Amino acid sequence: MPTRISMPFARGLAALVAFGLGPFYPAHAAEKALTVYTYESFISEWGPGPKVKEAFEKTCACTVDFVGVADGVALLTRLKLEGASSKADVVLGLDTNLVEEAKQTGLFDPHGIDTAGVTVPGGYSDDVFVPYDYGHFAVVYDTETVKNPPKSMKELVEGDPNEKIVIEDPRTSTPGLGLLLWVKSVYGDKSDEAWAKLKNRILTVTPGWSEAYGLFTKGEVPMVLSYTTSPAYHMVSDNTDRYQAAEFSEGHYIQIEVAGLLKGAPQKDLAREFLAFMITPGFQDTIPTNNWMMPVAKTSEPLPAAFGKLVQPKTTFLMAPEEVATHRKEWIDAWRAAMTLD
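Cut-offs and rules
- Residues numbered from 1 in each chain as written.
- Predicted model: local features only at pLDDT ≥ 70, side-chain atom pairs only at ≥ 80, totals over all residues.
- Heavy atoms only, no water.
- Helix = DSSP H or I, 4+ residues; strand = E, 2+ residues; numbered from the N terminus.
- Buried < 20%, exposed > 50% of the residue type's maximum accessible area, 1.4 Å probe, protein only.
- Contact = heavy atoms within 4.5 Å.
- Areas by Shrake-Rupley, 256 points an atom, 1.4 Å probe, with all protein chains shown as cover.
- Lys, Arg positive; Asp, Glu negative; His and termini not counted.
- Charge placed at Lys NZ, Arg CZ, Asp CG, Glu CD.
- Pairing = 2+ DSSP bridges.
- Right-handed = clockwise from strand over helix to strand, strands pointing away.
- Axes fitted to C-alpha atoms, helices over the stretch in contact; angles between N-to-C directions.
- Parallel < 35°, antiparallel > 145°, perpendicular 65-115°, else oblique.
- Left-handed = near helix turned anticlockwise from the far one by under 90°.
- Nonpolar A, V, L, I, M, F, W, Y, C, P; charged D, E, K, R; others polar.
- Salt bridge = Lys/Arg side-chain N within 4 Å of Asp/Glu carboxyl O.
- pLDDT = per-residue confidence, 0-100.

*Asks:* Please explain the overall build of the protein as it appears in this structure.
*Replies:* Check the secondary structure of the protein and you find 13 helices and 12 strands. With the principal axes as the frame, the protein shows a C-alpha extent of 85 × 45 × 35 Å. The buried share among the 342 residues of the protein stands at 51%. In the protein, once contacts between residues fewer than 6 apart in sequence are set aside, the share between residues at least 24 apart is 76%. Total accessible area on the protein stands at roughly 15,800 Å², and carbon and sulfur atoms take up 53% of it. Considering the protein, the positive charge centre built from 31 side chains and the negative charge centre built from 44 side chains are found 2 Å apart.

Pasting the structure below:
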């Protein structure tokens, strides 16, 4: 409730202002600041971060401070290192492959947000993490270089080793982890053999998605692990159909990206406001043409026509978070051995 100021005090204050001395009563409390940990591409100048920041700050009488790391897995690693001393309020950019492991840290609180309006393929609901977008992983290729793209995971694994692909590291990157789980979903116990063959086609392994996609768009490699939605960026922003996603006959692994509230959040109420804002049009409108993923809730406008031209996977793979948490280290160790990485 506003503090009432007596008339004599108000007159005295007016006199001080008139003589240029300014008010001497205590200044209002500084604007609240919400600290959000996320991945670098989210807060790049072309990513959704700047628009999300502007939209939320109009509603919250606060400032939003984004802190970026290379990729989603790196977010979890940083949180584990910081522990309860982390200054973050919200962590945005984990995915369903990491949520169980994130819960096991004990660093997150239930969000208390009504997510009834959220829709993702196969469904997803969780009392700790709020979904904000999704996309299927895909091999994106340059049609000017690759004339016969792989039509299955088998064709990718066994294809021409001179036709290279760049992938992301599953130790630091959610797309890299997604590919690891995609291969596991298709090959099962024979995944190590598949990686031993595929490594001959891999030009390099990058820490995160941004580095990998940068190599691809610079023409240094004809294929990259990305998303079925990635070609929409080039259709909308570059007005070209040059870059396309290969449709795999076995199906595609899905990524559902989520955000969570830290138990030690300095601005817990504000953090919950932000999580609720994430499933409104003010946030969801930024997803299709800034994060180039699929929104999980209503947007104020229909999707651009380019999204109707994208690969629509007939089969979706998604492992249970508990299974991933149990086996992630084991599977990554096996991947490293198959790839003969240090």
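Once you've had a look at it, read on.
*Asks:* Would you mind showing me how to read the pairing of strand β2 (residues 62–69) here?
*Replies:* Side chains on a regular strand alternate between the two faces of the sheet. Two strands pair when backbone bridges link them, and strand β1 (residues 32–39) and β2 are joined in this way by 8 bridges, in the parallel orientation. Pairing of Thr35 across the sheet is with Asp65, part of β2. Crossover connection from β1 via helix α2 (residues 49–60) to parallel β2: handedness right-handed.

*Asks:* Would you take a moment to explain the packing of α2 against helix α10 (residues 268–277) for this structure?
*Replies:* At a minimum axis distance of 11 Å, the contact between α2 and α10 shows a crossing angle of 125°. The angle between the axes of α2 and α10 places the two elements in the oblique class. Our pair here, α2 against α10, has a crossing hand that is right-handed. The residues of α10 that touch α2, namely those facing Val52, Ala55, Phe56 and Cys60, are Leu270, Glu273, Phe274 and Phe277. For the contact of α2 with α10, the per-class residue count stands at 7 nonpolar, no polar and 1 charged.

*Asks:* It is not clear to me how the pattern of salt bridges should be interpreted in this structure. Could you clarify?
*Replies:* Pairing between side chains of opposite charge can happen when their charged atoms approach one another. This model, assessed by the stated rule, comprises 16 salt bridges. Among the ionic pairs, Asp169 bridges to Arg171, the shortest N-O distance being 2.8 Å. With relative accessibility at 9%, the residue Asp169 sits in the buried group. Via salt bridges that share partners, Lys80, Glu101 and Arg328 belong to a single interconnected network.

*Asks:* So what exactly am I meant to see when it comes to the confidence of the model for the protein here?
*Replies:* Chain-level statistics for the protein give a pLDDT mean of 91 and a share of 91% at 70 or above. Counting contacts from residues 1–29, a segment whose pLDDT is below 50, to residues more than four positions away or on other chains yields 10 contacts.

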